[in-house]
Amino acid sequence: MLPLSLTFAILLAPAPAPSTYAEIRVVDADTGRGVPLVELETTNSTLYVTDNSGRVAFHEPELEGRELFFTVRSHGHEFKKDGFGFPGLKLKPKPGTVCDIALTRTNIAERWCRLTGEGLERDSRLLGYPTTPVNNGRVAGQDSVQAAVFGGKIYWFWGDTQRMDYPLGLFRMAGATTPLFDDKLDVSSGIPFKYFVEPRSQFTRAMIPYAAKPDGVVWVFALAVVPDKNGKEHLVAHYSRRKGLADELEHGLCDYDVSVNQFIPVKELPLKETWRKPMGHPILFTENKIEYVLYGSPNPNVRVQAKYESVINTDQYEAYTCLKPDGSVETDKDGVPVWRWQKELPPLNSKEELALVKAGKLDAKHARFCPTGDRKQIELHSGSVRWNAHRKCWILVAGQLGGNSSLLGEVWYAEAAHPTGPFAIATKIITHDKQTFYNVVQHPFLDRGQYVYLEGTYTNDFSGNPHRTPRYNYNQVLYRLDLDHPKLEK
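What you see is a predicted model; the values in this text were computed from it and never measured. (Residues numbered from 1 in each chain as written. Predicted model: local features only at pLDDT ≥ 70, side-chain atom pairs only at ≥ 80, totals over all residues. Heavy atoms only, no water.)

**Student:** Please clarify how the side chain of N388 should be interpreted in this entry.
**Tutor:** Of note, N388 is situated in strand β27 (residues 380-388). In this structure N388 comes out as buried when scored by relative accessible area, which is 1%. Among the polar contacts made by the side chain of N388, one reaches the main-chain amide nitrogen of R391 at a distance of 2.7 Å. (Helix = DSSP H or I, 4+ residues; strand = E, 2+ residues; numbered from the N terminus. Buried < 20%, exposed > 50% of the residue type's maximum accessible area, 1.4 Å probe, protein only. Polar contact = N/O pair within 3.5 Å; in protein donor to acceptor, adjacent residues only side chain to side chain.)

Structure representation (structure tokens):
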């Protein structure tokens, strides 16, 4: 045991000054911008991960000033391999100096920043750069965002949320608000969320506590803002109370109450109801002078009139399909599928449509929900469809189920003249090697001319990869896509 005086001396010793650190900065070779989520690993398996500015604060007293080899890994980037096939380089980090590494980006979209969790700008802060705190909710990790403009601000809600002071976190939705963004907002270091927090712990609090049913996790999906018959706007959504991923205990519709800043369940739905419910990231769309809410994940395939009384009356929901009651495809005299809105049959989705194509029951050229990419049909996972003023069309960004590099780590882009498609041709814009990036969504309130922003949950879950990237794992990561990129299929 150390002498008491020495113990106190160690505990009270000041933190190293910024000049104590060597800076390693990783940049995009094309833009010169810092790249977040780049892993640098020494030959003795010490791992460093760049922060939102692409920086690593290196402080290893026994190694500083020595020549070191760093293996470089970055999803969607390449680094030149040496003669033995190692993707890395030698650096000699010294306190107060900067070592630059330039990466060649292979993704079309740029990884912009991490949005949630601790230490977004950790290394930049250690190096003495000015930083802006953006995590008042003491969040360690967050899953699957839902966002909507409501009451003059943006509301953000997340699924399961991790904390730093215990392995179990919050399982009844976390929430935050931000102002509406103007063109001058710089989100390169994150988004300034104002979390709803518990007064004592300052940890983010439950947005759907649902005290009447305390058992099970509760998730909220498909936020839509619609007026009631008196003109009052409602933020209405679907909730699911569950025991794990497989077992649903209850589900229904909920309404956001601004007086308590919580979702209040207003209607329970039958457990056997699989499609007459809000799903995905809805959009408003007017057709034949009637405004609808279009639901679906990722493709809009369920609709209801954009009125509160209609949204909570699931008998008014309509599904989009080209199937007959016997499961065969209905076609016209030229063999073209006849798509229609109706109430009796469930909607057709990407998975089912792809199965029809593979079975020879639907010609691939008539597919609406499983576009062709890399010379094959793509089965889409979750995503969103949004109108884009720059492209003057509806754009889809969605994950792929069963990609080449990972089960749920690849993201595709496609365009259509109508929100229901057909989305015929897709281009891969993001890939993650043996890592998951799921529940992708594009935020139209962040659109800036030719640039759009999309985020998803970055995690090793479902990937088979045991590696959990420090600080980034189970958090939201934001990408920026240039719609004028020459490799983007139009």
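**Student:** Got a minute to help me understand the sheet that holds strand β7 (residues 88-91) in this structure?
**Tutor:** Across a sheet, paired strands are connected by hydrogen bonds in the backbone, their directions being either parallel or antiparallel. The four strands are arranged β3-β2-β5-β7 in an open sheet whose pairing can be described as antiparallel. Edge positions in the open sheet fall to β3 (47-49) and β7, since each of these has one partner strand only. Sheet twist, expressed as the average angle between the axes of neighbouring strands with direction ignored, equals 30°. Note that strand β5 (residues 68-73) and β7 share four bridges and pair antiparallel. By the bridge assignment, F69 is partnered in β7 with K90. (Pairing = 2+ DSSP bridges. Axes fitted to C-alpha atoms, helices over the stretch in contact; angles between N-to-C directions.)

**Student:** What should I look at first to understand the pairing of strand β18 (residues 247-257) in this one?
**Tutor:** Regular strands place side chains that alternate from one sheet face to the opposite one. With eight bridges connecting them, strand β17 (residues 233-243) and β18 associate as antiparallel partners. When the bridges of β18 are listed, R241 appears paired with E250. From the end of β17 to the start of β18, which pair antiparallel, there are three residues, and G244 there has a positive phi angle of about 80°. As paired strands, β18 and strand β19 (residues 262-269) are joined by seven bridges and run antiparallel to one another. Of the residues in β19, the one forming a bridge with G252 is E268. Where β18 folds back onto β19 in an antiparallel hairpin, the turn is made up of four residues, including N261, whose phi is positive at roughly 50°.

**Student:** Would you mind going over the pattern of salt bridges with me for this structure?
**Tutor:** Opposite charge on two side chains permits pairing when their charged atoms draw close. The full count for this structure, using the stated rule, is 19 salt bridges. The shortest N-O distance in the salt bridge between R73 and E39 comes to 2.9 Å. Taken together, the residues span a long stretch of sequence, with R73 in strand β5 and E39 in strand β2 (residues 39-41) at a distance of 34 residues. What makes R73 partly exposed here is its relative accessible area of 32%. Linking E41 and R73 is a salt bridge whose minimum nitrogen-to-oxygen distance equals 2.8 Å. Of this pair, E41 sits in strand β2 while R73 sits in strand β5, and the two are 32 residues apart along the sequence. (Salt bridge = Lys/Arg side-chain N within 4 Å of Asp/Glu carboxyl O.)

**Student:** What's the story with the sheet that holds strand β15 (residues 194-195) in this structure? I'm lost.
**Tutor:** Spatial ordering of the open sheet is given by β11-β12-β14-β15, a layout of four strands whose pairing is antiparallel. Edge positions in the sheet fall to β11 (145-150) and β15, since each has one partner strand and no second. Two elements, strand β12 (residues 153-158) and strand β14 (residues 174-179), share six bridges in a ladder whose sense is antiparallel. Along β14, the bridge assignment pairs W158 with A174.

**Student:** I tried to follow the packing of aromatic side chains on my own but got confused; where do I start?
**Tutor:** Each aromatic ring pair is specified by the distance between its two centres and by the angle formed by the two planes. Tallied over the full model, the rule gives 26 aromatic pairs. On the basis of an interplanar angle of 85° and a centroid distance of 5.5 Å, the ring pair of W156 and F445 is categorised as edge-to-face. One end of the pair, W156, is in strand β12; the other, F445, is in the loop between β31 (436-442) and β32 (451-459), with 289 residues separating them in the sequence. An identical accessibility class is assigned to W156 and F445; each is buried. In this structure an aromatic cluster arises from ring pairing among F150, Y155, F157, Y256 and F263. The ring of Y129 is capped by R55, whose NZ or CZ atom sits 3.5 Å from the centre of that ring. Sitting above the plane of the Y451 ring, R480 keeps its charged end 3.7 Å from the centroid. (Phe/Tyr/Trp six-rings, centres within 6.5 Å; stacked < 30°, edge-to-face > 60°. Lys NZ or Arg CZ within 6 Å of the ring centre and 35° of its normal.)

**Student:** Just to check I follow, could you spell out the pairing of β14 for this structure?
**Tutor:** β14 sits mainly inside the fold: five of its six residues count as buried. As paired strands, β14 and β15 are joined by two bridges and run antiparallel to one another. By the bridge assignment for β15, A176 is matched with Y195.

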